[in-house]
There are 2 protein chains.
Amino acid sequence: MAEKVTPRDVDYSRWYTDIVLQGKLADYSPVKGAMVIRPNGYAIWEMIQSNLDRMFKETGHVNAYFPLLIPESFMQKEAEHVEGFSPECAVVTIGGGQELEEKLYIRPTSETIIWAMYKKWIMSYRDLPLLINQWANVMRWEMRTRLFLRTSEFLWQEGHTAHATYDEAEEETLKILNVYKKFAEDYLAIPVIPGKKSEAEKFAGALHTYCIEAMMQDKKALQAGTSHNLGQNFAKAFDVQFQDKDGKLSYVYATSWGVSTRLIGALIMAHSDDRGLVLPPKMAQRPVVIVPIYRSDDEKKAVLDFAEGVYRELKEKYNVIFDDRPQYKPGYKFSEWELQGIPVRIEIGPKDVEKNNVVLVRRDTMEKQFITRVGILDKVTNELTAMQGEMLERARKFRDKNTLEIDEYNTFKTVIDSEGGFLKSHWCGDAGCEAKVQEETKATIRCIPFNEADETGKCIVCGKESTKRVIFAKAY
Amino acid sequence: MAEKVTPRDVDYSRWYTDIVLQGKLADYSPVKGAMVIRPNGYAIWEMIQSNLDRMFKETGHVNAYFPLLIPESFMQKEAEHVEGFSPECAVVTIGGGQELEEKLYIRPTSETIIWAMYKKWIMSYRDLPLLINQWANVMRWEMRTRLFLRTSEFLWQEGHTAHATYDEAEEETLKILNVYKKFAEDYLAIPVIPGKKSEAEKFAGALHTYCIEAMMQDKKALQAGTSHNLGQNFAKAFDVQFQDKDGKLSYVYATSWGVSTRLIGALIMAHSDDRGLVLPPKMAQRPVVIVPIYRSDDEKKAVLDFAEGVYRELKEKYNVIFDDRPQYKPGYKFSEWELQGIPVRIEIGPKDVEKNNVVLVRRDTMEKQFITRVGILDKVTNELTAMQGEMLERARKFRDKNTLEIDEYNTFKTVIDSEGGFLKSHWCGDAGCEAKVQEETKATIRCIPFNEADETGKCIVCGKESTKRVIFAKAY
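Attention here is on the structure that accompanies the text. (Residues numbered from 1 in each chain as written. Chains lettered and ligands numbered in written order. Predicted model: local features only at pLDDT ≥ 70, side-chain atom pairs only at ≥ 80, totals over all residues.)

1. Structural notes on the sheet that holds strand β17 (residues 344–348) of chain A
All names here are of chain A.
Turning to step 1, where the next piece is worked out: What the five strands build is an open sheet, ordered β16-β15-β17-β18-β19; its pairing is mixed. The open sheet has two edge strands, β16 (320–322) and β19 (368–372), and neither has a second partner. Sheet twist, expressed as the average angle between the axes of neighbouring strands with direction ignored, equals 25°.
Turning to step 2, where the next piece is worked out: Judged from the three bridges that link them, strand β15 (residues 288–292) and β16 form a sheet pairing that is parallel. In the sheet register, valine 289 faces β16, and the bridge partner there is isoleucine 321.
Turning to step 3, where the next piece is worked out: Against the sheet, helix α10 (residues 330–340) engages β15 and β17, with an angle of about 170° to β15. (Pairing = 2+ DSSP bridges. Helix = DSSP H or I, 4+ residues; strand = E, 2+ residues; numbered from the N terminus. Axes fitted to C-alpha atoms, helices over the stretch in contact; angles between N-to-C directions. Contact = placed C-beta atoms within 7 Å.)

In structure tokens form, the structure reads like this:
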């Protein structure tokens, strides 16, 4: 590798960008705020898509596709929604060479266009629930690009469901949050804290928003998924009523929920090291690379024969890279695949052939193991499974170590400034106190966690009574 | 079903729209020219995507994602390209509340933005070939919507490859055309004619365009996929040169190729009947429906027990619909699943339970068969396989019957007006003759077919010498 990844300790932000650019995960595009997702990065998105899509279908959802362009008048129908999203939209004013009569907004999210259609499709209780998801691109104007984390256009999925009752909508909102949590932990190996957003942080147009929050290696928080109970807000804005079994008309209840290509940024920042990307095995399209090592022609033949046998055995189950490129040295190959985060590397040299073993190096620990050739498929499977589990546990330990209970505002300010991390503190529920913390420390309430025990305490800002700690952190 | 599908004979165009709307495949959106792809239609697109994506990967391609918005200056770099696409673009002039300095075009296709990136990524012969595909939405302004066939926004895949030599690019162009042909025939059960487009019909910016052409049931042609050899046009427009093994700089050779959600329109028009959609089994996410039939409670228990056994056996292999909805009569259910094109229906009534058999109805032939319960999984598999093959053969016979060799221009005009179909006629290669036919008959040259034997003849328009017949037809 010509370039070298900047170490995390030297410059965390450059470290991140180096991994993305040198690992060929994404690139800047000539349009400000836009990115290009390169094949290595898109392969991760495909793993996210295929697994989440399966989980959505297992919970009864189907996919559909709604238009990219939303008439300005639709955007304006839900008051909070237009206020939240309008300022960051890209707007089409010319179509087919003509000035348009009505401006069209590139969707920043699709509630409005979808509820305009639901009005056509929902008549009776028989049409409910309607459980639709969409995989799409959306646009929220940005000038300062942060690859995967902050770009004008990004890819995501957005679920939009319609229900007969509030309770059903609430159940759906929580069911999906649980799908997101399971996916983050079991696939991305990122532990997350599920909870509720404060009023200030909720989705524009929602009754309330639930989220999962993850800690990155710089101890900042990253919101890894949100699920909104929209109540009857959009049904009222678009006049979507249904006839119940008794013939009575009522407004429909709604939810919406989404995760985006941001998750790739989260994946990078949760696990990677100074050598480059570290991919959890379940997120790797190609989890294994074999690198044969030889000098002489005699060695070459013996090593390649042996290595090809290993390759044949492993590719029964895995998409294996067999890196026999003659123009590159082993060390160069090691660096390249480490940079790209391939979970398991198998090295095979003349001595390994002699001893009928291989060298196995796991990307997360970088430990070398000599393992016997016999039963190699099972051994590789065991290593991949162990790695997946240990990555989650390592991230969990890191997060827990950097989560502190703080009861005093001066300490809070000192800690958030020096150490960072998740600070669990009491909050009275007042938006003024929340705003003050943000103004003075840049930390925000990431969530009011579900799993936090009730506990009597005093608001860290105003000293008023509080019954529960919330999570404050600086965030992406 | 409250509504009824208009028969093809009565009004072909309404028949098509009825199938799309009543089968809940797609719907009109409030924005002119835009459509909504509903879950039943999107499920077909998912089958197209997953199969084509696998075929692309098997031939060495990877996926990536490029920005939706293209700067106006990029569009203008390739002269033919801008002339072809600019007039039909949607243009963003406002972003984040500000008038933009440079207009941004919603991609009508992505050659320009992709080649701007390839300039950054391609330095040496080691970077070639670059074999990238993208699944994306694109926009070409339309006021007259025809669901799936003609809409402003549509979904597609676009491959964009870069090569060191003309020959390699040409090989790629043809390789992909062959992937498209195989997919159309083996999966969509639509026979296609591969060939070359005339200069007038080629892609704006290509050296030449290859295509596959299919015949619909109204005997009109539908272009089901195109593959372009772009030569060095885009490499020159974006100054993309590479250093070969000898250190010499040369412009890179390019191809691009795509198929879109139009294929769903083709699928509908190739196979469906007056009852609704007919789906080839390989395109059906849910290929089997079981409908239990009973009157009394005694019958109900026996029938449901038996039917559930059949369901359990079949769902080992297939995504089976078990339609035991008590509120609908069997006849209603039959109509609904026929409309949606489910390939195989299994009816189970009290007499079937007694005789240990089931009734199987294939959607394409609508023939009823009594089959024994034992070994039902194999029997269903056999029926689905047979159906897939017979649908292709039926479509092929229909096309061949409606393909005529015509040598006289007056006959040509009469036939194209009365019968339609594919007319194989001699053409001298002159654009004037081609334009005259189009003006006088609305028929265009669909392709210069690969598999047509050389034959001396006279141009149907001007009488000049010709060496080969080409295919004329009216087209979608």
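2. What to know about the interface of chain B and chain A
Turning to step 1, where the next piece is worked out: At the interface, 40 residues of chain B touch 40 residues of chain A.
Turning to step 2, where the next piece is worked out: For the side of chain B that touches chain A, the leading source of residues is strand β5 (residues 90–95) of chain B, giving six residues.
Turning to step 3, where the next piece is worked out: The residue makeup of the side of chain B that touches chain A, split by class, is 27 nonpolar, seven polar and six charged.
Turning to step 4, where the next piece is worked out: Note: strand β5 (residues 90–95) of chain A against β5 of chain B, five bridges, orientation antiparallel. Considered in β5 of chain B, the bridge of alanine 90 of chain A is made with glycine 95 of chain B. (Nonpolar A, V, L, I, M, F, W, Y, C, P; charged D, E, K, R; others polar.)

3. Some thoughts on the packing of helix α2 (residues 39–58) of chain B against helix α8 (residues 262–271) of chain B
Residues and elements named next belong to chain B.
Turning to step 1, where the next piece is worked out: Here α2 crosses α8 at 105°, and the two axes come no closer than 10 Å. Taken as axis vectors, α2 and α8 run roughly perpendicular relative to one another. Each of Gly41, Ile44, Trp45 and Ile48 in α2 lies in contact with α8, whose residues at this interface are Leu263, Ile264 and Leu267.
Turning to step 2, where the next piece is worked out: Residues of the contact of α2 with α8, tallied by class, amount to six nonpolar, one polar and no charged. (Parallel < 35°, antiparallel > 145°, perpendicular 65-115°, else oblique.)

4. With respect to the relation of the copies chain B and chain A
Turning to step 1, where the next piece is worked out: Here chain B sits on chain A after a turn of 180° about the axis and a move of 0.0 Å along it, with an RMSD of 0.0 Å. Such a combination of turn and shift is consistent with a two-fold rotation axis. Across chain B, the smallest distance between a C-alpha and the rotation axis is recorded for valine 92 of chain B, namely 2.1 Å. (Least-squares fit on C-alpha atoms with pLDDT ≥ 70 in both.)

5. A closer look at the pairing of β5 of chain B
Within a regular strand, side chains alternate between the sheet's two faces.
Turning to step 1, where the next piece is worked out: As judged from the four bridges shared by β5 of chain B and strand β6 (residues 98–106) of chain B, these two strands associate in the antiparallel manner. Pairing of glycine 95 of chain B across the sheet is with glutamine 98 of chain B, part of β6 of chain B.

6. Here we look at the environment of valine 461 of chain B
All names here are of chain B.
Turning to step 1, where the next piece is worked out: Looking at where valine 461 falls in the secondary structure, it is placed in the loop between β23 (457–458) and β24 (465–466).
Turning to step 2, where the next piece is worked out: Counting along the chain gives 158 residues from valine 461 to valine 303, while the straight-line C-alpha distance between them is 67 Å.
Turning to step 3, where the next piece is worked out: When near neighbours in sequence (up to four residues on either side) are disregarded, valine 461 contacts Tyr409, Cys433, Lys436 and Val437.

7. Digging into the packing of helix α9 (residues 297–314) of chain B against helix α12 (residues 376–401) of chain B
Residues and elements named next belong to chain B.
Turning to step 1, where the next piece is worked out: Across the interface, α9 lies against α12 with an axial gap of 9 Å and an inter-helix angle of 65°. Crossing handedness for the pair α9 and α12: right-handed. Residues Val310, Glu313 and Leu314 of α9 touch α12, and the partners they reach there are Ile376, Leu377 and Val380.
Turning to step 2, where the next piece is worked out: The residue makeup of the contact of α9 with α12, split by class, is five nonpolar, no polar and one charged. (Left-handed = near helix turned anticlockwise from the far one by under 90°.)

So far we have only geometry, and geometry alone does not tell us how the molecule works.
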